[in-house]
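Results of the structural survey
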Amino acid sequence: MPFITSIKIKDLRNLTAVDLAPNPCFNVLYGENAAGKTSFLEAIYVLGTLRSFRTSKLRFLVAEEAEAFSVYAETKDGNGAIGKLGMQKSFRDTTDLKLNGRRVSASSELANSLPLIALAPQSFEFLDGPPQLRRSFLDWLVFHVKPEFLDSWKDYRRCLKQRNMLLRRGKISRLDMKPWDEPLVTAATLVEVCRFEALEKLRRSFASIESADCDYGGDIQLAYRDGWSLFTTGAATPEQAPPTRENLFERLDRNFEADLAQGFTQKGSHRGDILIKSGDYPAAERLSRGQKKRLIISLYMAVTKLLAEEVNKQPVFLLDDLPSELDTKRLDSLCQQLATMDCQVFITTVNAAPLNGIAALTEETCSWFHVKHGSIDLKT
């Protein structure tokens, strides 16, 4: 169980100097809009992923009149081992990453040391938005439970880039393209196997954590649709299995002329998706906003349970504006579930009142922080 024992933030948006010692269980940050609550969650997320859930350009997180922002954290796992993570990003777009005192260049090293799950207002797009959001969610899970996945995914993307470059040039025959397709299919075959197996495990984990207070108007069904337009797979049965090398080569052959005309590869692992249904209907079209939020959180908790079982690892939860669209009963149930998962949770809210009286948020298990004009103070 990695959890943050201390965190320091300097010059990130309106957080000019933050130094906190969070609770290993629950942490509630409350205050008015634009006080800095979401920026605090964003700082943690950037540290663990080198990405923001609010902007694609990290240099814009640098506070006005500052040259750079920095985030440093100490963590502790279930065995008491201490970890140190740090990053600094300048407005000139230079990045400095450190892990346990040494410089690192790959964000995957930080992600492996501090797994994070973030639920922001934009997370509603998980059900309604493009496949990339759901594909990234699945690949994040695969990254943590299938060590062989990352290198294969990198190889696939590198081959895809090369293939698209050749397609844009035109005047290339199918025979000339095949030497480049060989490594692409090799990588894609393993990517599809890893995704298929992870999705099947996620389905079982999700089924085990669904609670009676989650009325979705029908059973929630998860299925993986590979981007090759070959299969939509749910349960692992002899009739439903990941595509083979022969399947993928056949698809590339069939689509070659169309790919050449368009100048890019139209089918492939870069187009995979998770299909989510409530009964016979797409969940995005059937559920209310509150139901969508509860479903997304349930999926994240299913991932947490799966990580604990597979690799003995629990992510840190970042839940922005959690009480909105959730009544007291569902808030209480959700916090009780999170408490049983032995993970650290950060919750932001404008109004702390809905969280008062929640059984899981006791004096020992929860710290309350007041956020005002970029400063964060522990409520005593």
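Residues numbered from 1 in each chain as written. Predicted model: local features only at pLDDT ≥ 70, side-chain atom pairs only at ≥ 80, totals over all residues. Heavy atoms only, no water.

**Here we look at the overall build of the chain**
When helices and strands are counted, the chain shows ten helices and 16 strands. Taking 21 Å as the expected radius of gyration for a compact globule of 380 residues, we find that the chain reaches 22 Å, a close match to that expectation. Overall size of the chain, expressed as C-alpha extent along the three principal axes, is 70 × 50 × 40 Å. Per-residue burial for the chain yields a buried fraction of 52% across its 380 residues. (Helix = DSSP H or I, 4+ residues; strand = E, 2+ residues; numbered from the N terminus. Rg over C-alpha atoms; globule rule 2.2 N^0.38 Å. Buried < 20%, exposed > 50% of the residue type's maximum accessible area, 1.4 Å probe, protein only.)

**What about the pairing of strand E1 (residues 3-12)?**
As judged from the seven bridges shared by E1 and strand E4 (residues 68-76), these two strands associate in the antiparallel manner. Its bridge partner lying in E4, Lys 10 is registered against Ser 70. As paired strands, E1 and strand E2 (residues 15-20) are joined by five bridges and run antiparallel to one another. Looking across to E2, one finds that Lys 8 is bridged to Asp 19. Remark: two residues form the turn of the hairpin made by E1 and E2, two consecutive strands paired antiparallel; Arg 13 in that turn has positive phi of roughly 50°. (Pairing = 2+ DSSP bridges.)

**Here's the deal with the pairing of strand E14 (residues 345-349)**
Counting buried positions along E14 gives five out of five residues, so the element sits mostly inside the fold. Residues Val 345, Ile 347 and Thr 349 of E14 are buried on one face, and the alternating residues Phe 346 and Thr 348, pointing to the opposite face, are buried as well. Pairing between strand E3 (residues 26-30) and E14: five bridges, direction parallel. Directly across from Asn 27, in E14, lies its bridge partner Phe 346. Note that the unit made of strand E13 (residues 316-319), helix H10 (residues 328-340) and E14 has a crossover that is right-handed. (Right-handed = clockwise from strand over helix to strand, strands pointing away.)

**What about the sheet that holds E14?**
Read across the open sheet, the six strands follow the order E8-E13-E14-E3-E15-E16; overall the sheet is mixed. The strands lining the two open edges of the sheet, one partner per strand, are strand E8 (116-119) and strand E16 (375-378). Taken pair by pair, the neighbouring strands of this sheet meet at an average axis angle of 20°, ignoring direction. (Axes fitted to C-alpha atoms, helices over the stretch in contact; angles between N-to-C directions.)

**Things to note about unusual backbone geometry**
Although it is not a glycine, Asp 11 adopts a positive phi angle of roughly 60°. Mapped onto the elements of the fold, Asp 11 is located in strand E1. One non-glycine residue, Arg 13, adopts positive backbone phi at about 50°. As for its placement among the helices and strands, Arg 13 is situated in the loop between E1 and E2.

**Some words on the side chain of Glu 42**
Looking at the element boundaries, Glu 42 is found in helix H1 (residues 37-49). Given a relative accessible area of 0%, Glu 42 falls into the buried group. With residues near it in sequence (within four places) discarded, Glu 42 still touches Leu 12, Arg 13, Ser 52, Phe 53, Arg 54, Thr 55 and Leu 61. (Contact = heavy atoms within 4.5 Å.)

**A short note on the confidence of the model for the chain**
Scored by pLDDT, the chain has a mean of 89; 94% of the residues are at 70 or more. Confidence over residues 235-239 falls short of pLDDT 50; this stretch has five contacts with residues more than four positions distant or in other chains. (pLDDT = per-residue confidence, 0-100.)

**Considerations on the environment of Ala 198**
With respect to the helices, strands and loops of the structure, Ala 198 is situated in helix H6 (residues 174-209). Look past the residues within four positions of Ala 198 in its chain and what remains in contact with it is Leu 138, Leu 141, Val 142 and Leu 306.

**Some words on the sheet that holds strand E6 (residues 95-99)**
Strand order in the open sheet made by the six strands is E2-E1-E4-E5-E6-E7, with antiparallel pairing throughout. Because the sheet does not close on itself, it has two edges, and the strands there are E2 and strand E7 (102-104). On average, each strand axis in the sheet is inclined to that of its neighbour by 15°, with strand direction left out of account. Set on the sheet, H1 makes contact with E1, E2, E4 and strand E5 (82-90); between it and E1 the angle comes to about 110°.

**Examining the nonpolar core**
Ranked by size, the top nonpolar core spans 68 residues in total, and within it Phe 26, Ile 276, Leu 295 and Phe 317 carry the most contacts. Residue contributions to this core peak at eleven residues, all from H6. If you look at the next biggest cluster of nonpolar residues, it comprises 41 residues, including Val 62, Ala 73, Val 104 and Phe 369. (Core = buried A, V, L, I, M, F, W, Y, C linked by side-chain atoms within 4.5 Å.)

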